[in-house]
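# Working through the structure, step by step
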Amino acid sequence: MRIAIDARELSGRPTGVGRYLAELLRAWDDLPGALGHDFALCATSAVTTPPLLRLRVSHHVAPGSGPWWEQRSLPRLAAGADVLFAPAYSGPIFPGMPMVVTIHDVSFAAHPEWFAPREGLRRRLTTRAAAWRARRVLTVSDFSKREIVRCFRTDPSKIDVVYSGATQLPTVAPTAATGGPIVLYVGSVFARRHVPELIAAFGGLAARHPTARLEIVGDNRSRPPIDLQALARDTGHQARIGIHAYVSDSELAGLYGRASAFAFLSEYEGFGLTPLDALAAGVPIVVLDTEVAREIYGPAAIYVAAPEPALVEAALDAALFDPAARGRVLDAAPGVLERYSWPESAQRTLQVLLAAANV
């Protein structure tokens, strides 16, 4: 069987959806049931994949961008495939073959105020159309399934929940080598993730713990733009706050390996990969107390009731310096992490793709 994939998210510097697709490809490369199929990666430019030693992969490129490319060029590149996999919210209205779309979350529909009017409208229209046109809809949590049904009135029987996996990053130098505790944040910076409140909370923490550091990794995609450097200066501890739009995979693994706590104060996610990566690295996590966070992280987290700097500071203090709180999270982590496996995610995703092609 030939499976075409919209692989645009593997171009440039992949973020969450690119990571999702890369991990599926990596797992399919080790999955016997995937090796008898052909995978056609369709994109606007050259893509970067993980090493794929056994998977039969071809690359198909047509220059372009945005919805026009998706509606006109993607079906042409995918022609002849038995099914089209659209892993990034939207796909062609007339793909010419069965289509499976992954809708990770519907923040742009649930909270349109977080998006520029034009961008939010485009996302709502294209995602709603893809959910209507697709033979099957994949999503990454029960919470997201409920939100898709609520916002788009999609038939719930058409939606399959397939959890993403947790990634075990390479082991690096121990925390003691850093000379002090590190609080780590990894993820694109959006207003809903409350990075300003995290910086303010760290300012209070840093005043009491002079060797502590905060490392923020992620492209600043806030709207209206948030000046993170100015917020760091306002704390009086700018020298101990690292702000990185992007780091290499090896640098990121080093940060996870040296971190003492991980903070992710998002009030709306479909899943939330990076806190799971922190748990897999043995790092306790501090997250906002939301419905999806309770579903995904369960008892393996320190929850913050609201994104208020004083509350965040207290939670960070516990994650860094309270042995009982740290032990509770890390003791619960193995039981939580065993629910999230990229091989299992890849197996179930492939089953949905094959079933959609054969209906």
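Structural data are supplied above this passage.
Residues numbered from 1 in each chain as written. Predicted model: local features only at pLDDT ≥ 70, side-chain atom pairs only at ≥ 80, totals over all residues. Heavy atoms only, no water.

## A word on the packing of helix 9 (residues 273-280) against helix 12 (residues 323-337)
- Where helix 9 meets helix 12, the closest approach of the two axes is 9 Å, and the angle between their N-to-C directions is 115 degrees. With respect to helix 12, the element helix 9 is oriented roughly perpendicular. In this structure, helix 9 crosses over helix 12, and the sense of that crossing is left-handed. Where helix 9 approaches helix 12, its residues L276, L279 and A280 are matched on the opposing element by V329, A333, V336 and L337. (Axes fitted to C-alpha atoms, helices over the stretch in contact; angles between N-to-C directions. Helix = DSSP H or I, 4+ residues; strand = E, 2+ residues; numbered from the N terminus. Parallel < 35°, antiparallel > 145°, perpendicular 65-115°, else oblique. Left-handed = near helix turned anticlockwise from the far one by under 90°. Contact = heavy atoms within 4.5 Å.)

## With respect to the packing of aromatic side chains
- Scanning the entire structure with this criterion turns up 12 aromatic pairs.
- Relative to Y268, the ring of W114 has its centre 6.2 Å away and its plane inclined at 70 degrees; by these criteria the two rings are edge-to-face. Pair noted here: W114 is in the loop between helix 3 (107-110) and helix 4 (117-133) and Y268 is in the loop between strand 11 (261-264) and helix 9, with a separation of 154 residues, a long-range link.
- Grouped by ring-pair contacts, the aromatic residues W28, F39 and F85 constitute a single cluster.
- The ring of Y303 has R294 sitting right over it, with the charged end atom 3.7 Å from the ring centre. (Phe/Tyr/Trp six-rings, centres within 6.5 Å; stacked < 30°, edge-to-face > 60°. Lys NZ or Arg CZ within 6 Å of the ring centre and 35° of its normal.)

## Regarding the nonpolar core
- Counting residues in hydrophobic clusters, the biggest one holds 132 residues, and the most contacted among them are I5, W28, F85, F262, L276, Y297 and L316.
- Excluding residues that lie within four positions of it along the chain, F85 makes contacts with A4, I5, D6, Y20, L21, L24, W28, V100, T102, L138, T349 and L353. (Core = buried A, V, L, I, M, F, W, Y, C linked by side-chain atoms within 4.5 Å. Buried < 20%, exposed > 50% of the residue type's maximum accessible area, 1.4 Å probe, protein only.)

## Side note on the pairing of strand 11
- Burial along strand 11 is two-sided: the residues A261 and A263 and F262 and F264 are all buried.
- In terms of strand pairing, strand 8 (residues 182-186) meets strand 11 through two bridges, oriented parallel. Opposite V183, over in strand 11, you have A261 as the bridge partner.
- Pairing of strand 11 with strand 12 (residues 285-288) involves three bridges; the strand directions are parallel. Looking at strand 12, one finds that F264 is bridged to V287.
- Assessed by its sense of winding, the connection that carries the chain from strand 11 through helix 9 to strand 12 is right-handed. (Pairing = 2+ DSSP bridges. Right-handed = clockwise from strand over helix to strand, strands pointing away.)

## A few points about the pattern of salt bridges
- Scanning the entire structure with this criterion turns up 16 salt bridges.
- Close ionic contact of R208 with D317 constitutes a salt bridge, the shortest N to O distance being 2.9 Å. Here R208, found in helix 6 (residues 195-208), pairs with D317, found in helix 11 (residues 309-321); they are 109 residues apart in sequence, far enough to count as distant.
- Judged by its relative accessible area of 44%, R208 is partly exposed.
- In this structure, R294 and D289 form a salt bridge, with 2.9 Å as the shortest nitrogen-oxygen distance.
- Counted as one network, the salt bridges with shared partners bring together R19, E23, R26 and D277. (Salt bridge = Lys/Arg side-chain N within 4 Å of Asp/Glu carboxyl O.)

## Structural notes on unusual backbone geometry
- Following R223, the chain continues to P224 via a peptide bond in cis, the omega torsion being -5 degrees.
- Mapped onto the secondary structure, P224 falls in the loop between strand 9 (213-217) and helix 7 (228-235).
- One non-glycine residue with positive phi stands out, namely R153, at about 60 degrees.
- Mapped onto the secondary structure, R153 falls in the loop between helix 5 (142-152) and strand 7 (159-161).
- Judged by its relative accessible area of 65%, R153 falls in the exposed class.

## Quick look at the side chain of E295
- Along the polypeptide, E295 turns up in helix 10 (residues 291-297).
- There is no salt bridge for the buried E295, and the closest opposite charge comes from R146, which lies 4.6 Å off by N-O distance.
- Residue contacts for E295: discarding those within four places in its chain leaves S141, D142, F143, Y163, R339 and Y340. (Lys, Arg positive; Asp, Glu negative; His and termini not counted.)

## Section: the sheet that holds strand 5 (residues 99-102)
- Pairing in this open sheet of seven strands is parallel, and the strands run 3-2-1-4-5-6-7 from one edge to the other. Two strands in the sheet have a free side with no partner beyond their single neighbour: strand 3 (56-61) and strand 7. Along the sheet, successive strands turn relative to each other by an average axial angle of 25 degrees, direction set aside.
- By the bridge criterion, three bridges tie strand 1 (residues 2-6) to strand 4 (residues 83-86) in an arrangement that is parallel. Bridged to I5 within strand 4 is F85.
- Its contacts with the sheet place helix 2 (residues 66-78) against strand 1, strand 2 (38-43), strand 3 and strand 4, and it is angled at close to 150 degrees to strand 2.

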